[in-house]
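Analysis of the macromolecular model
Spelled out from the first residue to the last, the chains are:
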Amino acid sequence: MNALKQNVLRVLYYYFKIWVVLISGLLILLFIFYLFIYSPHKKQSQANLQNLGKIKYGMSNLEVIQIMGKENLKMKNVENDSVYSYELEPLSSEDIEVIFDGNMKVKRINFP
């Protein structure tokens, strides 16, 4: 009887491990789906791509902020120009950069 009990427990434990792996995989897939389809970052990056076409050379930084919204990152480059960075894709290392000259007018747009 003891051997039968051990075999039943072994089978139950085996199926338990299978369910844990399946549920974990499903949760990971749901997270990835959310991150790349429904997350606020994805929606903002899509809006950034649409709004990028509205930016013209010579626009002021206030006009750019009005179109694109607040920048994710503000910095200076080696030429001492102001650079505003906007998210392109969630978890992406590449961003949209709007570069302003000393008068805070759009000088260049870097888009990968």
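Residues numbered from 1 in each chain as written. Predicted model: local features only at pLDDT ≥ 70, side-chain atom pairs only at ≥ 80, totals over all residues. Heavy atoms only, no water.

Among the surface-exposed residues, V11, Y14, Y15, I18, W19, L22, I23, L26, L27 and L30 lie close enough to one another that they form a single nonpolar patch of about 1,000 Å² accessible area. Relative to the assigned elements, Y15 resides in helix α1 (residues 2-38). On the basis of relative accessible area, Y15 is assigned to the partly exposed category, the value being 47%. (Patch = residues over 30% accessible without salt bridge, like charges linked within 9 Å, V, L, I, M, F, W, Y side chains within 5 Å. Areas by Shrake-Rupley, 256 points an atom, 1.4 Å probe, with all protein chains shown as cover. Salt bridge = Lys/Arg side-chain N within 4 Å of Asp/Glu carboxyl O. Helix = DSSP H or I, 4+ residues; strand = E, 2+ residues; numbered from the N terminus. Buried < 20%, exposed > 50% of the residue type's maximum accessible area, 1.4 Å probe, protein only.)

In a structure, side chains of opposite charge can pair up when their charged atoms sit close to one another. Counted under the stated rule, the structure contains 4 salt bridges. When the shortest N-O distance is used, the salt bridge between K70 and E71 registers 3.5 Å. The salt bridge involving K107 is made with D81; its shortest N-O contact spans 2.7 Å. One end of the pair, K107, is in strand β4 (residues 106-110); the other, D81, is in the loop between β1 (73-76) and β2 (82-87), with 26 residues separating them in the sequence. Take K107: its relative accessible area is 37%, and that puts it in the partly exposed class. With relative accessibility at 5%, the residue D81 sits in the buried group. Three or more residues are tied together by salt bridges with common partners; here these are K70, E71 and K74.

For Y86, the position within the fold is in strand β2. Taking the relative accessible area as the measure of exposure, Y86 reaches 1% and is therefore buried. For the pair Y86 and I96, spaced 10 residues apart in sequence, the C-alpha to C-alpha distance is 5.1 Å. Aside from chain neighbours lying at most four places away, what touches Y86 is N48, V64, I65, M68, G69, K70, E71, N72, D95, I96 and V98. At 3.1 Å, the side chain of Y86 forms a polar contact with the backbone oxygen of G69. (Contact = heavy atoms within 4.5 Å. Polar contact = N/O pair within 3.5 Å; in protein donor to acceptor, adjacent residues only side chain to side chain.)

A few words on the confidence of the model for the protein. Confidence along the protein averages 89 in pLDDT terms, with 97% of residues attaining 70 or more. Per-element confidence in the protein is highest for helix α3 (residues 61-68), whose mean pLDDT is 95, and lowest for helix α2 (residues 40-52), whose mean pLDDT is 84. (pLDDT = per-residue confidence, 0-100.)

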